[in-house]
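Residue-level structure breakdown
Chain by chain, the residues:
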Amino acid sequence: MSRTDEAIARIRRLIQSGELPPGARLPSEPELAAQLGVSRNPLREAVKALVVARVLDVRRGDGTYVTSLEPKLLLEGLGLAVELLRDDSLLELVETRRLLEPAAAGLAATRISPEALAGLRDHLDAMREATADDDVEKATRFDAAFHRAVVAATGNETLTSVLDGVSGGTLRMRVWRGLVEANAFQRAIVEHQAIYDALAAGDPTLAQAAALMHVNTTETWLRRTLGQAAVRHGERTPEQ
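Description of the structure in this document. Per-chain numbering applies: the sequence of each chain, read as written, is numbered from 1 onward. This being a predicted model, a pLDDT of at least 70 is required before a residue's local features are given, and a value of 80 or more before pairs of side-chain atoms are given or counted; all residues contribute to the totals for chains, interfaces and linings. Just so you know, side-chain values use all the structure's heavy atoms and leave hydrogens and water out.

1. Here we look at unusual backbone geometry
The phi dihedral of Arg54 falls on the positive side, at around 65°, and the residue is not glycine. Runs of E in the DSSP output that reach at least two residues are strands. Runs of H or I that reach at least four are helices, and both are numbered from the N terminus. Along the polypeptide, Arg54 turns up in the loop between helix H3 (40-52) and strand S1 (56-59). Backbone geometry at Asp134 places phi at a positive 60°, although glycine is not the residue there. With respect to the helices, strands and loops of the structure, Asp134 is situated in the loop between helix H7 (114-132) and helix H8 (136-152). Classification of Asp134 by relative accessible area gives exposed; the value is 65%. Only protein chains enter the accessibility calculation, which uses a 1.4 Å probe; a residue whose area is less than 20% of its type maximum is buried, one above 50% is exposed, and one in between is partly exposed.

Next up, the structure:
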């Protein structure tokens, strides 16, 4: 382990132990270096790394503080990392959605508020209107907003942050599908309506099944599309 990694680990232990709780101001650099038993250069690099990770916040003229450590903040970089994934990782992102979104929908069915349900209805109506206007990009935005609102209704910030990051990486694929596949959004609206109806009924099993069917439709389309592209280029398909 490098000296910088060692400094990171020691600062992390102070945070995990509660000695440096969220919002706490770190000791001065000389004091912290002495406390951790590391030299100042590795300590500076450790602080820089933890600032990038949203664990620490350097306030000019004031000092360095532990952030709120909320899931939304700490997982903020997930979306950027997903965006940097290569196109051949797209199927893995959709598989991840298939694993997580149905469970989120089931949980949301037991927790969704009337206000959140009304917001879902608004997103669904807006998606229906954009589809009627043949506005693929606008329909895609409301499609994504619908999914985000379902997950947010769980009240689980960690799950919401993770799925925000994962789903963000599939937005271009959704636009692409809307452009190349006839009636893609019309089918998506029917599937979204089934999810909405299950949530409105407060039925977690039905909500989970409806969400699984919806994501599975997307995954099946993507597998078929990638398989056709592989055949054209003389490559192996994902199932081979």
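2. Some words on the packing of helix H6 (residues 90-111) against helix H9 (residues 157-168)
Only C-alpha atoms enter the line fits that serve as axes; for helices the fit covers just the stretch in contact. Angles between N-to-C directions range over 0 to 180 degrees. Look at H6 against H9: their axes get within 10 Å of each other, and the N-to-C directions meet at 150°. The handedness of the crossing between H6 and H9 is left-handed. Taking contact as the criterion, the partners of Leu93, Thr96, Arg97, Leu100, Glu101 and Ala104 in H6 are, on H9, Leu159, Val162, Leu163, Val166 and Ser167. Residues belonging to the contact of H6 with H9 are distributed by class as follows: seven nonpolar, two polar and two charged. Rotating anticlockwise by less than a right angle from the far helix to the near helix defines a left-handed crossing, while the corresponding clockwise rotation defines a right-handed one. Any two residues having at least one pair of non-hydrogen atoms within 4.5 Å are treated as being in contact. By the convention adopted, Pro, Cys, Tyr, Trp, Phe, Met, Ile, Leu, Val and Ala count as nonpolar, Lys, Arg, Asp and Glu as charged, and the other residues, Gly among them, as polar.

3. Comments concerning the side chain of Thr131
Take Thr131: it is sitting in helix H7. Once you skip the residues sitting within four places of it in the chain, Thr131 turns out to touch Ala139, Phe185, Gln186 and Ile189.

4. What about empty space enclosed by the protein?
Lining residues are defined by having an atom within 4 Å of a point belonging to a cavity or pocket. Those points lie on a 1 Å grid over the protein atoms alone, cavities being sets where a 1.4 Å probe fits but cannot get out and pockets being open sets with protein on both sides within 12 Å along at least five of seven lines. Grid points are joined across faces, edges and corners, and a volume is the space filled by probe spheres set on the points. Counted according to the given criterion, the structure contains two cavities of 30 Å³ or more. Looking at the lining of the largest cavity, the element that brings in the most residues is helix H10 (residues 171-180), giving four residues. Of the residues in the lining of the largest cavity, the class split is four nonpolar, four polar and four charged. When its volume is computed, the second largest cavity comes out at roughly 60 Å³. If you go around the second largest cavity, the residues you meet are Glu101, Ala104, Ala105, Phe146, His147, Val150, Val151, Ile195 and Ala211. For the lining of the second largest cavity, the secondary structure elements donating two or more residues are H6 and H8. Its residues assigned to classes, the lining of the second largest cavity comprises seven nonpolar, one polar and one charged.

5. Things to note about the pairing of strand S2 (residues 63-66)
The alternating pattern of S2 places Gly63 and Tyr65 and Thr64 and Val66 on opposite faces, both of which are buried. Note: S1 against S2, four bridges, orientation antiparallel. Across the sheet, Leu56 pairs through a bridge with Val66, a residue of S2. Where S1 hands over to S2, the hairpin turn is made up of three residues, of which Gly61 adopts a positive phi near 75°. Think of it this way: DSSP has to see at least two bridges between two strands before they count as a pair.

6. Observations regarding the pattern of salt bridges
One speaks of a salt bridge when a side-chain nitrogen belonging to Lys or Arg is within 4 Å of a carboxyl oxygen belonging to Asp or Glu. In the structure shown here, the tally under the stated rule is 13 salt bridges. Residue Arg223 is joined to Glu95 by a salt bridge in which the shortest nitrogen-to-oxygen separation is 2.5 Å. In this pair, Arg223 sits in helix H12 (residues 204-232) while Glu95 sits in helix H6, placing the two residues 128 residues apart along the sequence. Within this structure, Glu95, Arg98, Glu219 and Arg223 form a network of salt bridges that share partners.

7. Observations concerning H8
Along its 17 residues, H8 runs 24 Å from first to last C-alpha, staying within 8% of the 24 Å computed at 1.5 Å per residue. Along H8, the residues classified as buried are Val136, Ala139, Thr140, Asp143, Ala144, Ala145, Phe146, His147, Val150 and Val151. Expected helix span is given by 1.5 Å per residue-to-residue step, counting one fewer step than there are residues.

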